[in-house]
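Take a look at the letters that make up each chain.
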Amino acid sequence: MTSLLVLGGARSGKSRHAQARIEAVPGRLAFIATAQAFDAEMEERIARHQADRDARWTTIEAPLDLAEALARAAQEADAVLVDCLTLWLSNLILGDEDVAARSEELLAALARCPVPVAFVANEVGMGIVPGNALSRRFRDEAGRLNQRLAQEVDEVVFVAAGLPLALKGAGKFAAG
Ligand SMILES: Nc1nc2c(ncn2[C@@H]2O[C@H](COP(=O)(O)OP(=O)(O)OP(=O)(O)O)[C@@H](O)[C@H]2O)c(=O)[nH]1
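Fair warning: this is a prediction, and the values are worked out from it, not measured in the lab.

Draft legend 1. The side chain of T86, seen in detail. Position of T86 among the secondary structure elements: in helix α4 (residues 85–94). In this structure T86 comes out as buried when scored by relative accessible area, which is 6%. Residues within four places of T86 in sequence aside, it is in contact with A121, N122, V124, F138 and A142.

Draft legend 2. Region of the structure containing the packing of helix α3 (residues 66–76) against helix α5 (residues 99–112). α5 packs onto α3 with a crossing angle of 15° between their chain directions and a minimal axis gap of 8 Å. Judged by the angle between their axes, α3 and α5 are roughly parallel. The handedness of the crossing between α3 and α5 comes out as left-handed. Where α3 approaches α5, its residues L66, A67 and L70 are matched on the opposing element by E105, L106, A109 and L110. Here the contact of α3 with α5 is composed, by residue class, of 6 nonpolar, no polar and 1 charged.

Draft legend 3. The packing of α5 against helix α6 (residues 133–152), seen in detail. One way to put it is that α5 packs onto α6 with a least axis distance of 11 Å and a crossing angle of 20°. On the basis of their axis angle, the class for α5 and α6 is roughly parallel. Every pair of crossing elements has a handedness; the one defined by α5 and α6 is right-handed. Of the residues in α6, those touching α5 at V99, S103, E104, L106, L107 and L110 are R137, E141, L145, R148, L149 and E152. Tallied by class, the residues present in the contact of α5 with α6 amount to 6 nonpolar, 1 polar and 5 charged.

Rules used in this analysis
Residues numbered from 1 in each chain as written. Predicted model: local features only at pLDDT ≥ 70, side-chain atom pairs only at ≥ 80, totals over all residues. Heavy atoms only, no water. Helix = DSSP H or I, 4+ residues; strand = E, 2+ residues; numbered from the N terminus. Buried < 20%, exposed > 50% of the residue type's maximum accessible area, 1.4 Å probe, protein only. Contact = heavy atoms within 4.5 Å. Axes fitted to C-alpha atoms, helices over the stretch in contact; angles between N-to-C directions. Parallel < 35°, antiparallel > 145°, perpendicular 65-115°, else oblique. Left-handed = near helix turned anticlockwise from the far one by under 90°. Nonpolar A, V, L, I, M, F, W, Y, C, P; charged D, E, K, R; others polar.

In structure tokens:
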């Protein structure tokens, strides 16, 4: 089934773009959230996102077990949105997980996914080189993960200032 990767910076409109693309698919929709609410502001943000999704959506929260969540979501829904890969990567690094193994697991789950799936990820690393090793590792791993996903998916879009820029396979995702 076709797949989409939506890249962008913070508050670029990437989540909104990905949600709209998935909502164009008829039927039941699954939202896999990798975020965790650690404070009241994040709780409010999450509540706003939930209110923005209609009754077609179900939510699965998967801060670490993304491959398993994708396989499960694909059985219950006609299309799946994963938001976001970069936060998932951050959860893996902070949890001292094996990033390479987890990434391979995710790519295998994507290859087996029977329904359209869209991933949201941050384009990080366009600023100055971070001053500490952990941030530099995160930046490198995020770039690597985006490249891996971009190779595998049918369509890649970069969103800046709310505007989508086609990077690969324009319109191929969930067409027809
Ligand atoms: N745990 C949880 N997280 C959610 C839920 N809905 C959305 N999120 C998270 O909300 C985050 C995106 O929200 P924002 O931080 O407002 O968006 P942003 O990435 O800064 O901005 P955009 O580029 O406009 O998408 C993602 O990391 C999602 O995982 C939910 O139901 N549960």
